[in-house]
Amino acid sequence: QVQLVESGGGLVQAGGSLRLSCVASGSIRNNAMGWYRQAPGKQRELVALITSGYSTTYVDSVKGRFTISRDNAKNTVYLQMNTLKPEDTGVYYCYSSYFFAYWGQGTQVTVSS
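A quick note: this is a predicted structure, and the numbers were derived from the prediction, not measured. (Residues numbered from 1 in each chain as written. Predicted model: local features only at pLDDT ≥ 70, side-chain atom pairs only at ≥ 80, totals over all residues. Heavy atoms only, no water.)

With respect to the sheet that holds strand S7 (residues 66–71)
Sheet architecture is open: four strands sit in the order S1-S3-S8-S7, paired in antiparallel fashion. Looking at strand neighbours, the two that pair on one side only are strand S1 (4–7) and S7, the edges of this open sheet. The mean angle between the axes of side-by-side strands here comes to 15°, regardless of whether they run parallel or antiparallel. Direction of pairing for S7 relative to strand S8 (residues 76–81): antiparallel, over a ladder of six bridges. By the bridge assignment, Ile68 is partnered in S8 with Leu79. (Pairing = 2+ DSSP bridges. Helix = DSSP H or I, 4+ residues; strand = E, 2+ residues; numbered from the N terminus. Axes fitted to C-alpha atoms, helices over the stretch in contact; angles between N-to-C directions.)

Okay, here's the thing in structure tokens:
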């Protein structure tokens, strides 16, 4: 079983930046890794995904502003978030998948206008 621990959330003004990190308890070399978010009253949505082959996918609303990356040597995936908007507010969850799916506990991101 893989445990995922997120960090880096917080309160930021619109236009600001945050960098989220997710550290896995085991190797992520073969895993697809991603970030989901859930805003109040809304369903959880995929924000960004990076495959084991380093292919990336983003939801349209964050393209050009967010960048997902991974460091397999550190068992860590990152989400660099720039030009943040109030609609980016939510709980951000780290996701890992290789046969089974695993989730972190979430980190709150709040963007004030």
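Next comes the rest of the description.
Some details on the environment of Gln1
Tracing the chain through its elements places Gln1 in the segment before S1. Between the alpha carbons of Gln1 and Gly26 there is a distance of 8.4 Å; along the sequence they are 25 residues apart. Ignoring sequence-local partners within four residues, the contact set of Gln1 consists of Ser25 and Tyr102. (Contact = heavy atoms within 4.5 Å.)

Points about the packing of aromatic side chains
On inspection of all chains with the given rule, the structure shows four aromatic pairs. Seen from their ring centres, Tyr36 and Trp103 are 4.8 Å apart, and the 70° between their planes marks the pair as edge-to-face. In this pair, Tyr36 sits in strand S4 (residues 32–38) while Trp103 sits in strand S10 (residues 100–103), placing the two residues 67 residues apart along the sequence. According to the relative accessible area criterion, Tyr36 is buried, its value standing at 19%. Put simply, the rings of Tyr36, Tyr95 and Trp103 pair up and form one aromatic cluster. One residue, Arg19, lies across the ring of Tyr78, its end atom 4.0 Å from the ring centre. (Phe/Tyr/Trp six-rings, centres within 6.5 Å; stacked < 30°, edge-to-face > 60°. Buried < 20%, exposed > 50% of the residue type's maximum accessible area, 1.4 Å probe, protein only. Lys NZ or Arg CZ within 6 Å of the ring centre and 35° of its normal.)

Let's talk about the pattern of salt bridges
This structure, assessed with the given rule, holds four salt bridges. For Glu45, the salt bridge identified is with Arg37, shortest N-O distance 2.7 Å. The residue Asp88 makes a salt bridge to Arg65 at a minimum N-O spacing of 2.8 Å. Linking Asp88 in the loop between S8 and strand S9 (90–98) with Arg65 in the loop between strand S6 (56–58) and S7, this pair joins segments that are 23 residues apart in sequence. Residue classification places Asp88 among the buried residues on the basis of a relative accessible area of 0%. Given the relative accessible area of 9%, Arg65 is considered buried. Residues participating in the shared-partner salt-bridge network are Arg37, Glu45, Arg65 and Asp88. (Salt bridge = Lys/Arg side-chain N within 4 Å of Asp/Glu carboxyl O.)

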